[in-house]
Amino acid sequence: MILKIVALLLVACESLADAPPLYQSRPYDLGAFDRWPHQLYHSSNAIGPILNVHKESVQCYNGSIYTVVPNWGNQVNIPGVMLLDTKGYLVWHTSGYVTADIQSFRGENYIVSLSEDSSYYALINSRYEEAHQIRSGNGWQLDAHELTLSPSGTALLVINGVFAVNQTAFQAPLEVELILDAGFEEYYHFQPGDGKTEKTAPDLFHVNSIDKDDLGNYPISRRMMSSIVYVDSRTGAVIWKLAGKANMFKDLSGGAATDFNGQHHSRFHENGRIVSIFDNGNCPGRPVTSPTRGLTLFLDTEKMTVQLQHEYISPNNVLTDNSGSMQILDSGNVVLGFGLNANWAEYASNGSLLCNVHMGPQAFFDSGEIRSYRISKSAWIGHPQATPECCG
């Protein structure tokens, strides 16, 4: 109780100290410690979070693993990216970015971050310098959902643009004149909108993740279609569709493997035999189907069958209206980031909850007060050019 009172005082005055995470604090989750619990430091201009740990396990802790937490929202006046150790203490912080994860490119690890104005992706090297900037081209607009660095040394971007609707191709209502089309570039059901102007063009597909497999083909998540499509890289033809109205797979789990809704962050594993999906459980204009969860599916593309392997249910039964992420670690553990809800969790591979962390009050979940697009956990070795600043 004394520790909680001290932490409350520290947060209330934006303390210049290194405040530890709290544990199962009800006042924190009611918003008594501020709507954006954070801290400042005597020796640095960094901004650190104050977390509320609801469940912890030694299986989540590793001295060489860091959690990448992009941080923005209505209450966050300085958006940025944080590296936290597995105990929740700040390792590094920078402002000016709103998404981030750690990826490898040509043998070197980078923090891949979207600029705050969404004009480019930055590849930040281990010296914490912007080594590369990647922008969209050919008249398309950069989309904030995805940048994937492929094993072949290329970068995959999701892009979009507004175009006059082809009534025959899309069978759109006659009054709809414009649509927001989605695509992607490689460098080497309607969302609400009346379709009369570029700003109100319906978002027909809403591509929110793309990957490249060992065959060079692309698995693509289409949120508005609640489906995953697999596209031939040479011809652009759709090889198969998983879930949605045009589903091509027999569901051996009685519908449990194909009922995901408004999903994000689909990824192939084991050469496409396993598919992981962050299932939001809802999509604009559609009924809610389930609490937000992570899924792993067995996919047999010869027999064209799919089967549910594991599901990872939100520990708070939250419903994440948009954003969110699912990451399968080398250990087999699974990390879910709950996007619009200021929360992440780690699970054992069998679906049992190991750790559950709030980075903002639960009372304001789903409000956009504090949010992230994806949260990831990765090994990282930094080589800063300046002497590290100590906290406290």
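Treat the numbers as computed from the prediction; the structure is a model and nothing was measured.

Caption draft 1: Representation of empty space enclosed by the protein in the model. Looking at the largest cavity, its volume works out to about 120 Å³. Around the largest cavity sit Thr99, Ala100, Asp101, Gln103, Val112, Tyr121, Ala144, His145, Glu146, Leu147, Tyr373 and Arg374, which together line it. Size it by volume and the second largest cavity reaches roughly 50 Å³. Taken together, Trp36, Pro37, His38, Ile47, Gly48, Pro49, Asn71, Met82, Met359 and Ile370 make up the full set of residues lining the second largest cavity.

Caption draft 2: Structural view of the sheet that holds strand 16 (residues 218-222). With antiparallel pairing, 4 strands are arranged side by side in an open sheet as 15-16-17-18. The outermost strands of the open sheet, each flanked by one partner alone, are strand 15 (207-210) and strand 18 (238-242). For this sheet, the mean inter-axis angle between neighbouring strands, taken without regard to orientation, is 20°. Bridging between strand 16 and strand 17 (residues 227-231) involves 5 bridges; their strand directions are antiparallel. From the neighbouring strand, Ile220 faces strand 17, where its bridge partner is Val229.

Caption draft 3: Highlighting the state of the cysteines. One pass over the structure, following the stated rule, counts 1 disulfide. Between the sulfur of Cys60 and that of Cys355 lies a disulfide, 2.1 Å long from S to S. Disulfide Cys60 to Cys355: torsion about the S-S bond roughly 120°, handedness right-handed. For the pair Cys60 and Cys355, one class covers both residues: buried.

Caption draft 4: Spotlight on the pairing of strand 24 (residues 325-328). Bridging between strand 24 and strand 25 (residues 334-337) involves 4 bridges; their strand directions are antiparallel. Bridging across to strand 25, Ile328 finds its partner in Val334. Where strand 24 folds back onto strand 25 in an antiparallel hairpin, the turn is made up of 5 residues, including Gly332, whose phi is positive at roughly 95°.

Caption draft 5: Quick peek at the side chain of Thr258. With respect to the helices and strands, the residue Thr258 is situated in the loop between strand 19 (250-251) and strand 20 (264-269). A polar contact is formed between the side chain of Thr258 and the side chain of Asp251, at a distance of 2.8 Å. In contact with Thr258, other than residues within four places in its own chain, are Leu242, Ala243, Asn247, Asp251 and Val306.

Caption draft 6: Quick look at the sheet that holds strand 4 (residues 52-55). In space, the 6 strands of this open sheet follow the order 1-4-27-26-25-24, with mixed pairing throughout. Each end of this open sheet is capped by a strand with a single partner; those strands are strand 1 (22-23) and strand 24. Both strand 25 and strand 26 (residues 343-347) contribute to a ladder of 4 bridges, which runs antiparallel. Along strand 26, the bridge assignment pairs Gly337 with Trp344.

Caption draft 7: Summary view of unusual backbone geometry. Residue Glu270 is not a glycine yet carries a positive backbone phi of 50°. If you trace the backbone, Glu270 turns up in the loop between strand 20 and strand 21 (274-279).

Caption draft 8: Quick look at the nonpolar core. Residues Val69, Leu84, Leu336, Phe338, Trp344, Tyr347 and Met359 are the most contacted members of the largest nonpolar core, which totals 26 residues. Of all the elements in the fold, those that place two or more residues in this core are strand 6 (80-85), strand 25 and strand 26. For this core, the leading source of residues is strand 26, giving 3 residues. If sequence neighbours within four positions are ignored, Tyr347 has contacts with Tyr312, Ile313, Ser314, Pro315, Asn333, Val334, Leu336, Phe338, Ser352, Leu353 and Leu354. By size, the runner-up hydrophobic cluster in this structure holds 15 residues, among which are Trp240, Ala257, Leu297 and Leu299.

Definitions and cut-offs
All chains use their own residue numbering, which begins from 1 and follows the written sequence. Thresholds applied to this predicted model are a pLDDT of at least 70 for local features of residues and 80 or more for the giving and counting of side-chain atom pairs; totals over whole chains, interfaces and linings are not thresholded and use all residues. Side-chain figures throughout are based on the complete set of non-hydrogen atoms in the structure, without hydrogens or water. Lining residues are those with an atom within 4 Å of a point, where the points come from a 1 Å grid over the protein atoms alone and group into cavities, where a 1.4 Å probe fits but cannot get out, or pockets, open sets with protein on both sides within 12 Å along at least five of seven lines. Grid points are joined across faces, edges and corners, and a volume is the space filled by probe spheres set on the points. Here, any two strands with at least 2 DSSP bridges between them count as paired. Helix numbering and strand numbering both begin at the N terminus, where a helix is a DSSP run of H or I of at least 4 residues and a strand a DSSP run of E of at least 2. To define axes, lines are fitted to C-alpha atoms, for helices over the stretch in contact only, and angles between the resulting N-to-C directions are given on a 0 to 180 degree scale. Criterion for a disulfide: a pair of cysteine sulfur atoms at a distance within 2.5 Å. Categorising residues by exposure relies on relative accessible area from a 1.4 Å probe, with only protein chains included: less than 20% of the type maximum marks a residue as buried, more than 50% marks it as exposed, and the intermediate range marks it as partly exposed. Counting of polar contacts relies on pairs of N or O atoms within 3.5 Å, with two restrictions inside protein: one atom must be capable of donating a hydrogen and the other of accepting it, and residues adjacent in sequence are counted only when both atoms are side-chain atoms. In what follows, residue pairs with any heavy atoms lying within 4.5 Å of each other are defined as contacts. Only buried residues count toward a nonpolar core, which is a set of Ala, Val, Leu, Ile, Met, Phe, Trp, Tyr and Cys residues joined through side-chain atoms within 4.5 Å.

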